[in-house]
Structure formats: C-alpha cells, structure tokens
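What the coordinates show
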Amino acid sequence: MCGIYAGVTNHSITTHLIDGLNALSYRGYDSAGIALISKQGLERRRAKGKLDNLTGLLKQTPLEGKVGIAHTRWATHGKPECRNAHPHMTLEVAVAHNGIIENYAELRKELEACGFGFESETDSETIPLLITCYLHKGMTQCEAIQNTLARLEGSFAIVALFDNCPDQLFAARQGSPLVIGHSDAGFYLSSDENALIDKSDAICHMQDGDLARITHNRLIITDFEGNIRKRVMTPSYAISEEQGKQGYRHYMLKEIYQQPAVIQQTLDHYLQEDGTLHPDLKSLPMESLCRLSIVACGTSSYAGVVAKYWMEEIAGLPVDIDIASEYRYRNTPYPPQQMALFISQSGETADTLAALRHASKGGQQTLSLVNVTNSSMASESDRMLPLLAGQEIGVASTKAFTAQLATLLLLTLVTARSNRQITQLQLQQHLNTLNTVPRLMDDLLNQTDTIRNTAQQLYRSEHATYLGRGIAYPLALEGALKLKEISYIHAQAYPAGELKHGPIALIDERMPVIIIAPPGPLFSKTLSNLREVHARGGNIILLSNQAGIDQAADFTDTAIVMPEMDALIQPLLYTLPLQLLAYYVALYKGTDIDQPRNLAKSVTVE
Ligand code: F6R
C-alpha cells in the first residue's frame, strides 16, 4: 500500500529519501516520487513503475536539498500513471498522502469553481489545492493546513512542504499511521516504523488528530486547532536484521524457512519455563463465552477458519467466521457473552480495523491477534495476543499464517481447559505435541525435491483446483490463494464434498487438482472425491501420509508424502508444501514473487 517517507535534516537528503522508499517498497506500489526544497525552490520528480525508474530520472535531472518528502503509491483513485503519482503540488506546496479523502468529489467541485485545475485523477490532489486556496486568501502556512484538515473527511497521513518555508515540514495524522524518528541529523518521518530503523535513535507514533511542525532541531505537536499535545520520543527498538534476504533468493522463501523458529518463539513466549501458560492467555475470560466471532481478511481469515474447526471440536465453543469487509456492513446481533476476535498480520488492514471498531461500538469484548504490536488494532482492542512472526516482508503471507495457527491452537487449548473439555493431563499432552512442530517443520523443509518437480509440471497450467475436507479445507483455501497471488494462475478451492455440486464440470486432463488428505476419519471420504476427479481425467497431486498415498496410488499422478504426526498439528505442517509449491511455480514462471502485481502488503484502504 502507499508509503510516506520524509525528512528535515542538516544534510543532503535525496539518497536518504530513496533509501526510505526502498525500505517501504515491500508494501507494494506502482509509482513513486519525491519533492524537496532545492536552491531553485520547491521541485519534484515522479515516475511510474519500479523505483529504478525514479532513480534513473534523478540521475538525468538531479535534485538536492535538506528537506524533502517522498511517496510510493498503490493506485486507488486513478491509474498507476506519473500524473497520479505523489507528491502532488502547486507552486506553493507539495503534499504526500496515504489514506482516502472520502469527500474529495465535493472538494474538487468547490476548488474547480474557484478556478483550480486538477492534473491528476486522485483524491489526494485536493489537499495541496485546498491549502493553496487558503494561502491565496492570506492565511499563514499553519492556518492554511489547519483549515484544510478541518475540511477533510476520511483517513489520512499527510506530509507537506512549503516553497517559502524551506526549513520546515508539516505532518498530520487521522486514521493512517505516521511515525516520527529523531537522530542528530534531524527528523525523519514514515508511515512504516521499519523504514526509520537505521535513521533514528528515538521514535514517536503520531496519534489521530496530531499536527506536527518540524525543523531539523525542533518538533512541535498540536491538535488540528493548534493546542499543544504532549508526545514522548521513545528509544527505537525495531530490529533491523529482519531486513535483507540473508542468502535466500526471495523474502518469501526466507520467511517460509523461518517458520520452525517462529513456532519455537511462539511456544517460548506462551509456554512459561515452569510449564504453565502465559498470563495473557490464561487470563482471557474464555469460560464465560457462549460464542466466538472471528473476523479477518485473506490469509488471516483462513487461519480463522482453521480455528473454527479446532475451537468447536476441542473446546466445544461455537465459532462464527466472517470476512471483515462483509462483517463491518452487516447488522450483526451482539450477544453479551460473545467475544469478537480479529486476526491480522499488519494490524492496520482497513476492513478488519473498521470491523473491530464496529464490534467495539456494539459493546462486544474484543481480542486481536496481531503481528505488528504497535498497530491500530493492537491499541484499539480490549485485549491483544502478539504473533511472534517477526517482520514479514514478502507480500504473500507465510510465517504470519503459521504463527496465527500456533497462537490460535494455544487459545483453543486454554479455552478447552477452562470449559473442562480436556483434563490437565490432556492439556499437557497437547502442549507436548505442539512442541514437536518446529522439528517436524525443519525436516519437511529439508525435502523439497518432489515439490520442485511438481511445480515444474504445474507452472504452465492456466488453472488449478485445491480440495480438502474438514480442517484441510481452509488449507486448500490458503494453498489456492498463495498460488494465485504469486504465480497469477487461476486457482479455486473447494470443500472436497462440494465438488460434485458444480465445480466438477471443470475437471479434465488439463486441470491439476491438489488434494489435501491427511490421515483421519475424513480420509476415506476424500478418497472417494479423489476417485471422482480421477474418473474425469483430472491430474491429481495428493498430499497425505505414506499409508494414504499407498491407498490412492492407482488414482494419483503425483504424491507429496507427509510425515506421521498427531492430527492436532496437521494444519501447521500441511501448510508448508502448499507454500513451497506456490513459490516454486512462481519461480519457474518468473513472476515478481516478493512484490506480485496489484498487491499490497498492508491493505489500508477499503
Ligand atoms: C495473502 C495476504 C493477504 C492478507 C490480508 C490480510 O498472502 O497476505 O490476504 O492476509 O490482506 O492482511 P492482515 O493479516 O495484515 O490483516
């Protein structure tokens, strides 16, 4: 999604702005630009596509200055074109904006009536034009910004640079993250704390309604009316070693291979040395609940579907699972003994955040599982359980998904124990089983030959179908999502039993069908579905243990043999070959694996 980077320093800033944009690039973008105060005054450069295009432009027509703003844009209003790229500017002011100005159509009409012409199709351009309109009425820069902020509806993080105020930056936040970093050289700002890591000793997260006025040695934060707000700079603890591929060809591959360590960290955090569970888990009021309502988007929602199977079967707690963009606009009844659980890697996904606010407003107790623990969801929910995945850079989520699964399984076990669905001894046995996951994951990740060979057969396909029953169904959903995201192959996922109700019409010899069939009570049912696919010529790729592979040998084209394991942890392990399959298919196709087209790491718009 869009990213802001800016700085007001005592040194030349251009390369720092480009470094900042590079650090933001993992979020996904389709154009980029910078504006700064050079000797000639306010100037900008913008380019469509990758950052190399912008740096190439800067080589041809360099820009130098000590104060500047920069932006990576992920298109919402208007195509990914240079004229829609930020910063947007007039002769007086340049602005970079994240978020959406909901009343932009009305503002645009008003500005056009006053004689202002628009260069772009964006909602963002209304901001510099509105500021300029107020400057033309004789207001100071600060007054013009304040009056503009008062007119904006929607969510925004804004940085603004004025032509005749060359040593200052203005920044404002309402609903979209903005962080200020400080060092001896001055101040840097970004919408993503990770982009500030190597430039700042201390940071401050701006809050909604904050307006900052910054020179290289002074920071003043007020509300939008100008009343001083006290904000404290805290030491920056963000960990920079997450940056860099550390020998892996892609971040996605590195993150797939980090999963054993991530699960170990999760267990180390939630299981204390004396064998008891972390107080954050134990103190949750799970025994008082009549229902759990899980809300999330994309991969995080599939983790929620897995949790539904676990919670209902192991803990006896009924669970609803909702896609956040649907949930937020439904009139959902909120029974008092229901808890709403929000799952999110970023903690900033606009739909999930809005759903959380919707539930809070409805009086629901809210719990969030988030990987970014200083995110909006973390601070706005009643309770929060951190995911211990570390920073995830690959746009396609991998380690955050298995971290979500491990945390949700722990939550299930705590609930089952407090509901007296399992004994203390059974709890201990389940925890022991969970402790075997990192080793099993390590073993699996060391045997990828079959998956690479399968990917080689698959990468020329135009479609793929994923099937699973029971708890393997959400894994089919996640496997199909991974494949389509990074390889652009159309993939559909179905509960295996649903196949005959329509999708079976698509099965022929050109349709690869990936069937996830772990051993267990549903294996024989899935085997029947596998035979239905075989009878119609489908090209079957089966994931099961050796016994399952043997039983289906006559009908299977490719077998991915999974190790023996307790049924409890199957979702954590069966996910890995699906991630690797998608990865290698994309590698053979030559797509942009870490930054697939049209996708953003953190979807902060509706
Ligand atoms: C898929 C993927 C997305 C996210 C979704 C929710 O690989 O990454 O589907 O899972 O956008 O994002 P978070 O978890 O940040 O709320």
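It should be emphasised that the depicted structure is a prediction, and the values quoted were computed from it without experimental measurement.

1. Regarding the sheet that holds strand E12 (residues 210-215)
The strand order across the open sheet built from six strands is E5-E6-E7-E8-E12-E13, with neighbouring strands paired in antiparallel fashion. The open sheet terminates on both sides in strands that have one partner only, identified here as strand E5 (88-89) and strand E13 (218-222). The sheet contact formed by E12 and E13 spans five bridges and is antiparallel. Its bridge partner lying in E13, Thr-215 is registered against Arg-218. Across the sheet, helix H4 (residues 126-136) is in contact with E5, strand E6 (93-101) and strand E7 (154-162); its angle to E6 comes to roughly 130°.

2. Things to note about the site of the ligand
As a matter of local geometry, the ligand sits amid 14 residues, with Ser-300, Ser-344, Gln-345, Ser-346 and Thr-349 nearest to it. For the ligand, an oxygen atom lies 2.6 Å from a polar atom in the side chain of Ser-344. Note that an oxygen atom of the ligand is positioned 2.7 Å from one of the side-chain N or O atoms of Glu-485. Notes on the ligand: free accessible area 410 Å², of which the protein chains cover 91%. Contributions of two or more residues to the shell around the ligand are made by helix H9 (298-315) and helix H17 (472-487). Looking at the shell around the ligand residue by residue, the class counts come to four nonpolar, eight polar and two charged. In this structure, the shell around the ligand is formed jointly by two domains, domain 2 (243-445) and domain 3 (447-606), each of which donates at least three residues.

3. Some details on the packing of helix H13 (residues 399-418) against helix H20 (residues 570-589)
Interaxial distance between H13 and H20 falls to 10 Å at its minimum, and their mutual angle equals 170°. When the axes of H13 and H20 are compared, the pair comes out roughly antiparallel. Every residue of H20 that contacts H13 at Phe-401, Thr-402, Leu-405, Ala-406 and Leu-409 is listed here: Pro-571, Leu-572, Thr-575 and Leu-576. Considered class by class, the residues forming the contact of H13 with H20 number seven nonpolar, two polar and no charged.

4. A few points about the packing of H9 against H17
Contact geometry for H9 and H17: axes closest at 8 Å, N-to-C directions at 170°. What the angle tells us is that H9 and H17 run roughly antiparallel. Helix-helix and strand crossings are classified by hand; for H9 and H17 the assignment is left-handed. Touching Gly-298, Thr-299, Tyr-302, Val-305, Val-306 and Tyr-309 of H9 are Tyr-473, Pro-474, Leu-475, Leu-477, Glu-478, Leu-481 and Lys-482, all from H17. Looking at the contact of H9 with H17 residue by residue, the class counts come to nine nonpolar, two polar and two charged.

5. Re the environment of Gln-365
Mapped onto the elements, Gln-365 comes out in strand E18 (residues 365-370). Classification of Gln-365 as partly exposed rests on a relative accessible area of 21%. C-alpha of Gln-365 to C-alpha of Ile-314: the two residues are 51 residues apart in sequence and 22 Å apart in space. Not counting residues within four places of it along the chain, the set of residues in contact with Gln-365 comprises Pro-285, Leu-289, Pro-336, Gln-338, Met-339, Ala-340, Asp-382 and Arg-383.

Parameters at a glance
Residues numbered from 1 in each chain as written. Predicted model: local features only at pLDDT ≥ 70, side-chain atom pairs only at ≥ 80, totals over all residues. Heavy atoms only, no water. Pairing = 2+ DSSP bridges. Helix = DSSP H or I, 4+ residues; strand = E, 2+ residues; numbered from the N terminus. Contact = heavy atoms within 4.5 Å. Axes fitted to C-alpha atoms, helices over the stretch in contact; angles between N-to-C directions. Near = heavy atom within 4 Å. Polar contact = N/O pair within 3.5 Å; in protein donor to acceptor, adjacent residues only side chain to side chain. Areas by Shrake-Rupley, 256 points an atom, 1.4 Å probe, with all protein chains shown as cover. Nonpolar A, V, L, I, M, F, W, Y, C, P; charged D, E, K, R; others polar. Domains from an automatic or database assignment. Parallel < 35°, antiparallel > 145°, perpendicular 65-115°, else oblique. Left-handed = near helix turned anticlockwise from the far one by under 90°. Buried < 20%, exposed > 50% of the residue type's maximum accessible area, 1.4 Å probe, protein only.

That's the geometry; what it means functionally is another story.
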